[in-house]
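Spelled out from the first residue to the last, the chains are:
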Amino acid sequence: MAWMVRALAGPVLWATLFSGVYALHGLGCARGWQQQPVLWGDLHHMALWALWGAGLAGHVMLVRTMPCDQGIRRWLIVAGAWIGLVSSAFTLFPVTILSTCL
Amino acid sequence: MTDIPPNKAQRALHLHRELDRVWADDPGLRGFFTSVNHGTIGLRFMATAFVFFAIGGVLAMLIRAQLATRKGAFLDSELYNQVFTMHGSIMMFLFAIPLLEGLALWLLPKILGARDMAFPRLSALGYFCYLFGGTTIVLSLVFGVAPDGGWFMYVPLSDKVHTPGVNADVWLLGVTFVEISAMAAAVEITVTILRCRAAHMPLTRMPLMAWYLLGTAAMMLIGFPPLILGSILLELQRAFDWPFFDVSRGGDPLLWQHLFWLFGHPEVYIIFLPAAGALSTIIPVLSRTTILGYGAIVAAILGLVFLSFGLWVHHMFTVGIPHMALAFFSAASALVAVPTAVQIFAWIGTMYGGQVQFRLPMLYIMGFFGTFVLGGLTGVMLAMVPFNWQAHDTAFVTAHLHYVLVGGFVFPMLAAVTWWMPMISGRWRISGLGETAFWLIFIGFHGTFLIMHLTGLLGMPRRVDAYPGNPEWEIPNLISSVFGMVQAMGFALFAFDMVMQWLFGRRSWRNPWHAPTLDWAMPLPAPSYNFASLPTPLHGDANAVLPLAKGQGLLPGAPRGHRETLVVDAASGRPDHVAVLARSTALPVWTAVAIGSFFGLMLAGLYWLAPLGIVATLVMVWRWGAIMGVERDLPPIDVAPGLNLPPHFHKRQTLAYTGCIAFLVADGTVFASLLFAVGFLSVIAPEWPAPGAGYRAVPMLFATAAALLSSAFVVYAARRAEGCRGAPDAAIWTRAGLCASVLALICMCGLAAGLDDPRRHSRDALRAALLGYAAVHGIVATMLALRADRDARTNRLGAERRGAIPAWRLFHQFWLTVTATGVGIVLAQEVL
C-alpha cells in the first residue's frame, strides 16, 4: 500500500494546508494580527504567507522526488503530487493579494 | 505467484444445490427479518429507496400545484413548510444515499468476484435502521408534526424557541437513525473493496465502478460525521439547553451551518460518484470499445474526493465571512470543475472512439450529459462570489441543484437500473415503454427547471408559498408546474415498465449487453451465492461463466456448510485467508429495534428512560460478538490445488479488524469535528471569554490523571494479553485490563461530577460534550475488554486465535488518544 500512501500524499498535504491556512486566518482576525505591522506587511499576512509558502515547498518536494514505480501506480503518484500542488497554489493564492479580515 | 491451478470440474447443478442450501434466505416472512445476503439486502435498499422517491415526488407535485398560481390556496403556509422540508429531506436522506448504498451492496461482490459483502449482518442492520428511521420521518407528515425548517434545519429557526414542537426533533433523531445505515454501508464498502476482491486482482486493475465506490465510501466516512455531530449538538441544545448555537451564551448559529455543509457539499459528490461509476461501466460497453483514460479517471476521482471537502463555505457566501476566506472557497469551487471535466471528456472520447448504440441505458446517459453539464456550468457561476450574492436563496439555486442532482444522479441511476435489471429479474424489458418514459422524464425535467433559472433571476426567493405582489413570476411558475406533472408521468411510467419487465418480460439470455465485467459471469437472475467458485486470474471476465459454474475457480461449492468467501491482501490481491460469514439471523433486526427504542424515547421526550435504549443496544451488540470466535483450532481450507488458506479465526488482519480501522476513521472525524466546534466557538463566537471555571480544580486534576493512567495501563495490558494469548497469563492480563478499564470509567464519572453546569456557557457545554464523547468510547472499550476476558476464559484464545483482543487494543488506543487530546484542549483553554 506504500504507493497508495504516496499517491495520497499530495492531496492530504493540500487538505492539511487548506485547513491550517483557514484556521490561521480565523485566529488572526480574532486576535487582531492585521493591525500589527511586520516588515512591509502585517503579522496576519506574514503568518499566512509563511504557512502557504512552507506548504508549497512541501508540495514541490513531493513533485520532485518520485519513487521508482511503474505503470498506472506511477501515474497515480505523479497525478496525486500535481493535484496537491496545483490545488494548494490555486485555492490559497488569495493570501497573496487580499485584505484579511474585511 | 498468480497462476493458481484450476480446481477439478464438477457438475454445475450439484454445486448450485449445495451452495443454495447454505446461501439462500429463509422462506416467507421469517426470511424478510433474518436475511443477511447482500443480494437481498441490496435489492431491498433500492426498492425502499424508490418507494421513498415516489413519496418525495408526490410532495414535489404538491409544491408545484401550490406555486402554479400567485395566490395558491392548495396548502397553507405551515403545511407548505413541512412539504418542502420533507421533499428535500426525503430525496437526500431517504432516496439518494440509500439508493447508492443498495446498488453498492447488491453489485460490489459481483463485480469484485466475491460471494458476499464483508459484513452481512451489518448490511441487514443498516437496512432496518434505514427502514425504521425513514418510516418514522415520513409518518411525522401524516401526524402533522413533520420537520418544517428546510432540509438544512438552520439554527436558530430550528431551536427550541422558534420550533417548540417535535418537528425539528423528528429530523435530527430520524436522520441520525438513518445515517447509521450510511456509516454501516461506508465501512462495508471500504472493507469489501480492499479485502474481498478476486484473487490477484490488484487495486490498479479493479473495474472503475469499484474505484468510484471506494471514493464514495471514503467520502462517506469523512463526510457524514460532521452532520452526525451537529445533529447531536443541536438535539442536546433542544433537549437539555446546552447552548452550542445560542449567541447569548457563547454559541453561534454559524457553527451549525459549518457542520451541516461540511457534510452537505461532499454529499453532492457522494451521490455523484457512484452514478459516474455506472456511466464509466455502461458507456464503453454500449460504445463497443474500452474506456478512454482509466488512469486519468482514477486520478480525477482522487482529486474530487479531496477537493469536494474544500467547498462547503460556498453555501455560506452571504453570512458575513471575510473576503479572503470567501476567495479560498470560491477558488476551490471553481477548481473542482476540472476533475469533473476530465471524466466528462473521457466519456465523450470513449463514445467518439467507439460505435455508440442508442439503447435505453444510453438514452439516459444522453440525458445525463444534457442535464449535468448545464448544472455544472451554473455551479461555476454560483462559485463566483458576486454572482452568488445576487442569486443566493432564489429559484436559480433551486434550478441549479436539481440540474446537478437529477442530472448527476437520477439519470445515471435510471441508466444503471435498466442496465442491471436483466440480472436482477432474469428478464428482458418490454420494448417501447422505457423509451417513452425517458422522453417524458427528459422533457418534463427541462420544462420544469430550465425556466426556473429565469424565475430566480427575476428575483423569486426559495421556500415561499405565495407571491401575490409579483405577477411577473406567475407564467414561468405555471410552465414549471405543467412540465413537473409531465415529469411525474414519466417516472410513473418508468416504475410501470420495471414492474412489467419483472412480471411479464421474456427470459433474458446470459450477458445480454456483451459486457466484459465479472458481474455478468453468472446465471441470470444472479444466484444467492453469486459464483459457484470464485474467479482467478484465469477466470477474470464475463467469459468465465462456465468454468466458474463448474467449480474450476477457487473455493468451489460449500462442502463445509459455511458461507465462505476469499479475503485478499489489500493492495496486491494475494489470497490471504478464508472468511466464514454469518448466516441468516434475526440479530440485526433486533439490534435495530434496540437502537430505535433509544431514538423513540428521545423523540417522546422521555430523556431519563432513553438510557434503557442504550442498554438494550449494548446487550444486542454483546450478542453479535458471541459468534465471532471458536474454541478450537480449525484445519486449513482447500482453496485450489496446492493452495490451502487458514480460516479467519486464525488471522489478525481479519475483515473485522480492517472494519474497525475504517470505523475509527469515521469516529475520529466526529472527534475532529468536535475539536473544530471548540476552536470555532472559542475564536469566532461572541460572549467569549467564558465565565471563570468554578470546578474543584485539585480533585478534577487527580481524577483526570487517574483516568489517563488507568487507560494507558489498559493499552499495555491489551498488548501483553495479545503477546501471551496461548499461555495462561493471557487471562490475567485481560482481567487486569478489564479492571483498569472500569477504573478509568469511574474516574471519568468523577470528572463529570466536577464539571460546571453545561447550560451556563457554550464552553462548559463543549467540555461536557468532550467528556461524554470520551465516556462513550470508554464504555465500548470496556465492553471489548470484557469480551476479550471472556475469550480468554472460554478457550477462544490460542497460538493463532486472538479473539477480540486486536479490536480491544485498537479501540483502547483510540480511547486513550481522544481522552488525552480532550484533556489537552481543556488545559490549553485555561492556559491561553
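Just so we're clear, the structure is a prediction, and the values are computed from it rather than from any experiment.

Novice: Tell me about the overall build of chain A, and please be specific about residues and values.
Specialist: The helix and strand inventory of chain A stands at 3 helices and 2 strands. The secondary structure elements of chain A, listed N-terminal to C-terminal, are α-β-β-α-α. Computed over the C-alpha atoms, the radius of gyration of chain A is 16 Å, more than 25% above the 13 Å expected from 2.2 N^0.38 for a compact globule of 102 residues. Looking at the 102 residues of chain A, the share that counts as buried comes to 41%. Total accessible area on chain A is roughly 5,100 Å²; 72% of this is exposed by carbon and sulfur atoms.

Novice: Quick one: what's the story with unusual backbone geometry, residue by residue and with numbers?
Specialist: Leaving glycine out, the prevailing phi sign among residues is negative, and the prevailing peptide bond configuration is trans. Residue and element names in this part refer to chain B. The linkage connecting Val155 with the following residue, Pro156, adopts the cis geometry, with an omega of 10°. A cis amide bond links Trp688 to the next residue, Pro689, at an omega of 5°. Along the polypeptide, Pro689 turns up in the loop between helix H20 (655-683) and helix H21 (697-723). Positioned with a positive phi, Arg288 is a non-glycine residue whose angle comes to about 55°. Relative to the elements of secondary structure, Arg288 occurs in the loop between helix H8 (253-286) and helix H9 (294-307). Among the residues examined, Arg288 registers a relative accessible area of 36% and is labelled partly exposed.

Novice: Before we move on, could you go through the side chain of Glu564 of chain B and cite the residues and values that matter?
Specialist: All names here are of chain B. Take Glu564: it is sitting in strand S1 (residues 563-568). By relative accessible area, which is 2% here, Glu564 ends up buried. Looking at Glu564, its side chain comes within polar contact range of the side chain of Arg560, at 2.7 Å.

Novice: Which residues make up the pairing of strand S3 (residues 637-640) of chain B, and what are the values?
Specialist: Two elements, S3 of chain B and strand S4 (residues 643-645) of chain B, share 3 bridges in a ladder whose sense is antiparallel. Paired with Ile637 of chain B across the strands is Leu645 of chain B, a residue of S4 of chain B.

Novice: Just give me the short version of the interface of chain A and chain B, but keep the residues and values in it.
Specialist: In this assembly, 37 residues from chain A lie in contact with 30 residues from chain B. Summing both sides of the interface, chain A and chain B together bury roughly 2,700 Å²; the carbon and sulfur share of this comes to 87%. Taken together, chain A and chain B are joined by 0 salt bridges. Where chain A touches chain B, the interface holds 2 residue pairs in polar contact (both at pLDDT 80 or more). Secondary-structure elements contributing two or more residues to the side of chain A that touches chain B are helix H1 (2-31), helix H2 (43-64) and helix H3 (71-91) of chain A. Ranked by residue count, the leading element in the side of chain A that touches chain B is H1 of chain A, at 15 residues. Residues belonging to the side of chain A that touches chain B are distributed by class as follows: 28 nonpolar, 8 polar and 1 charged.

Novice: Let's hear about the state of the cysteines: which residues, and what values?
Specialist: Residue and element names in this part refer to chain B. Tallied over the entire structure, the rule returns 1 disulfide over all chains. Of all cysteine sulfurs, the one in Cys749 lies closest to Cys747, which takes part in no disulfide; the gap is 9.0 Å. For Cys747, a relative accessible area of 12% gives the class buried.

Novice: I'd like to hear about the domain arrangement of chain B, residue by residue, with values.
Specialist: Residue and element names in this part refer to chain B. Looking at the assigned domains, one finds that chain B contains domain 1 (35-504) and domain 2 (689-831). With 8 residues of domain 1 in contact, the opposing surface of domain 2 contributes 9 residues. Across the domain 1 to domain 2 interface the summed buried area is about 680 Å²; carbon plus sulfur atoms make up 72%. Contact with domain 2 buries area across many residues of domain 1, yet Trp242, Phe244 and Arg249 alone supply 60% of it, more than any other trio. Our enumeration of links across domain 1 and domain 2 arrives at 0 salt bridges. Our count for the domain 1 to domain 2 interface comes out at 3 residue pairs in polar contact (both at pLDDT 80 or more). For the side of domain 1 that touches domain 2, a count of residues per class yields 4 nonpolar, 2 polar and 2 charged.

Novice: Any details on the packing of helix H5 (residues 120-142) of chain B against helix H6 (residues 167-195) of chain B? Residues and values, ideally.
Specialist: Residues and elements named next belong to chain B. It is the contact of H5 with H6, at a shortest axis distance of 8 Å, that shows an interaxial angle of 160°. One element, H5, and the other, H6, form an angle in the roughly antiparallel class. Seen along the crossing, H5 lies across H6 with a hand that is left-handed. Between H5, through Pro120, Leu122, Ser123, Gly126, Cys129, Tyr130, Phe132, Gly133, Gly134, Ile137 and Ser140, and H6, the contact on the second element is made entirely by Val170, Gly174, Val175, Phe177, Val178, Ile180, Ser181, Ala184 and Glu188.

Novice: Describe the side chain of Ser280 of chain B, and please don't skip the residues or the numbers.
Specialist: Residues and elements named next belong to chain B. Its location among the elements puts Ser280 in helix H8. Judged by relative accessible area, which is 5%, Ser280 ranks as buried. Polar contacts involving the side chain of Ser280 include one to the side chain of Trp347, which spans 2.8 Å. Apart from the residues within four sequence positions on either side, Ser280 is in contact with Leu208, Tyr212, Ile291, Ile297 and Trp347.

Novice: Can you lay out the nonpolar core for me, pointing to particular residues and giving the numbers?
Specialist: The biggest cluster of nonpolar side chains holds 316 residues, and the ones touching the most others in it are Trp211, Trp256, Trp347, Tyr364, Phe409 and Trp420 of chain B. Split by domain, the residues of this core number at least three in each of domain 1 (35-504) and domain 2 (689-831) of chain B. Apart from the residues lying within four places of it in its own chain, the contact partners of Trp211 of chain B are Trp3 and Met4 of chain A together with Leu203, Thr204, Met206, Tyr294, Val298 and Ile301 of chain B.

Novice: Give me the pattern of salt bridges: which residues, what numbers.
Specialist: Residue and element names in this part refer to chain B. Counted under the stated rule, the structure contains 23 salt bridges over all chains. Asp756 serves as the salt-bridge partner of Arg760, at 3.4 Å between the closest nitrogen and oxygen. For Arg760, a relative accessible area of 32% corresponds to the partly exposed category. Classification of Asp756 as buried rests on a relative accessible area of 13%. Here Asp789 ties to Arg793 by a salt bridge, and the two come within 3.0 Å at their closest N and O atoms. Here the residue Asp789 and the residue Arg793 both occupy positions in helix H23 (residues 762-793), the gap between them amounting to 4 residues, near one helical turn. Connected via shared salt-bridge partners are Arg195, Arg574, Asp576 and Lys651.

Novice: So what about the packing of aromatic side chains? Which residues, and what values?
Specialist: All names here are of chain B. One pass over the structure, following the stated rule, counts 70 aromatic pairs over all chains. On the numbers, 4.9 Å between centres and 90° between planes, the contact of Phe260 with Trp261 is edge-to-face. Trp261 matches Phe260 in its accessibility class, with the two residues each being buried. Just above the ring of Trp622 sits the side chain of Arg787; from NZ or CZ to the centre is 4.0 Å.

Novice: Go over the pairing of S1 of chain B, please, and point to the residues and values.
Specialist: Residues and elements named next belong to chain B. Of all the 6 residues making up S1, 6 are buried; the element is thus mostly covered by neighbouring parts of the structure. By the alternation rule, side chains of S1 split into Arg563, Thr565 and Val567 and Glu564, Leu566 and Val568, which are all buried. As paired elements, S1 and strand S2 (residues 575-581) share 6 bridges and run antiparallel to each other. By the bridge assignment for S2, Val568 is matched with Pro575.

Novice: Outline a nonpolar patch on the surface, supporting the account with residue identities and numerical values.
Specialist: On the surface, a nonpolar cluster with roughly 480 Å² of combined accessible area is contributed by Trp82, Val86, Phe90, Phe93 and Ile97 of chain A. Positionally, Phe93 of chain A belongs in the segment after H3.

Novice: Please give an account of helix H15 (residues 433-457) of chain B that cites residues and values.
Specialist: Over its 25 residues, H15 of chain B extends 37 Å from the first C-alpha to the last, a length consistent with the 36 Å expected when each residue adds 1.5 Å. Where H15 of chain B ends, the next residue or the one after it, Gly459 of chain B, has phi of about 105°, a positive value.

Novice: I'd love a proper account of the packing of helix H4 (residues 77-112) of chain B against H5 of chain B, names of residues and values included.
Specialist: All names here are of chain B. Their axes nearest at 11 Å, the elements H4 and H5 cross at an angle of 165°. As summarised for this structure, H4 and H5 are arranged roughly antiparallel, according to the angle between their axes. As H4 runs across H5, the sense of the crossing is left-handed. On H5, the residues touching Gln82, Met86, Ile90, Leu94, Pro98 and Leu105 of H4 are Ser123, Tyr130, Gly134, Ile137, Val138, Ser140 and Leu141. In terms of residue class, the contact of H4 with H5 is built from 9 nonpolar, 4 polar and no charged.

Novice: Describe the environment of Phe119 of chain B, and please don't skip the residues or the numbers.
Specialist: All names here are of chain B. Positionally, Phe119 belongs in the loop between H4 and H5. Remark: the alpha-carbon pair of Phe119 and Ala184, spanning 65 residues in sequence, is separated by 9.1 Å. Excluding its chain neighbours within four sequence positions, the residues that come into contact with Phe119 are Val187, Glu188, Val191, Leu655, Ala656 and Gly659.

Novice: If you had to explain the environment of Leu27 of chain A to someone new, which residues and values would you point to?
Specialist: Positionally, Leu27 of chain A belongs in helix H1. Overall, the relative accessible area of 30% leaves Leu27 of chain A in the partly exposed class. Leu27 of chain A sits 26 residues away from Met1 of chain A along the chain, and the two C-alpha atoms are 37 Å apart. Setting aside residues no more than four positions away along its own chain, Leu27 of chain A makes contact with Trp33 of chain A together with Val683 of chain B.

The rules behind each value
- Residues numbered from 1 in each chain as written.
- Chains lettered and ligands numbered in written order.
- Predicted model: local features only at pLDDT ≥ 70, side-chain atom pairs only at ≥ 80, totals over all residues.
- Heavy atoms only, no water.
- Helix = DSSP H or I, 4+ residues; strand = E, 2+ residues; numbered from the N terminus.
- Rg over C-alpha atoms; globule rule 2.2 N^0.38 Å.
- Buried < 20%, exposed > 50% of the residue type's maximum accessible area, 1.4 Å probe, protein only.
- Areas by Shrake-Rupley, 256 points an atom, 1.4 Å probe, with all protein chains shown as cover.
- Polar contact = N/O pair within 3.5 Å; in protein donor to acceptor, adjacent residues only side chain to side chain.
- Pairing = 2+ DSSP bridges.
- Contact = heavy atoms within 4.5 Å.
- Buried area = accessible area lost by both parts, 1.4 Å probe.
- Salt bridge = Lys/Arg side-chain N within 4 Å of Asp/Glu carboxyl O.
- Nonpolar A, V, L, I, M, F, W, Y, C, P; charged D, E, K, R; others polar.
- Disulfide = S-S within 2.5 Å.
- Domains from an automatic or database assignment.
- Axes fitted to C-alpha atoms, helices over the stretch in contact; angles between N-to-C directions.
- Parallel < 35°, antiparallel > 145°, perpendicular 65-115°, else oblique.
- Left-handed = near helix turned anticlockwise from the far one by under 90°.
- Core = buried A, V, L, I, M, F, W, Y, C linked by side-chain atoms within 4.5 Å.
- Phe/Tyr/Trp six-rings, centres within 6.5 Å; stacked < 30°, edge-to-face > 60°.
- Lys NZ or Arg CZ within 6 Å of the ring centre and 35° of its normal.
- Patch = residues over 30% accessible without salt bridge, like charges linked within 9 Å, V, L, I, M, F, W, Y side chains within 5 Å.
- Expected span 1.5 Å × (residues − 1).

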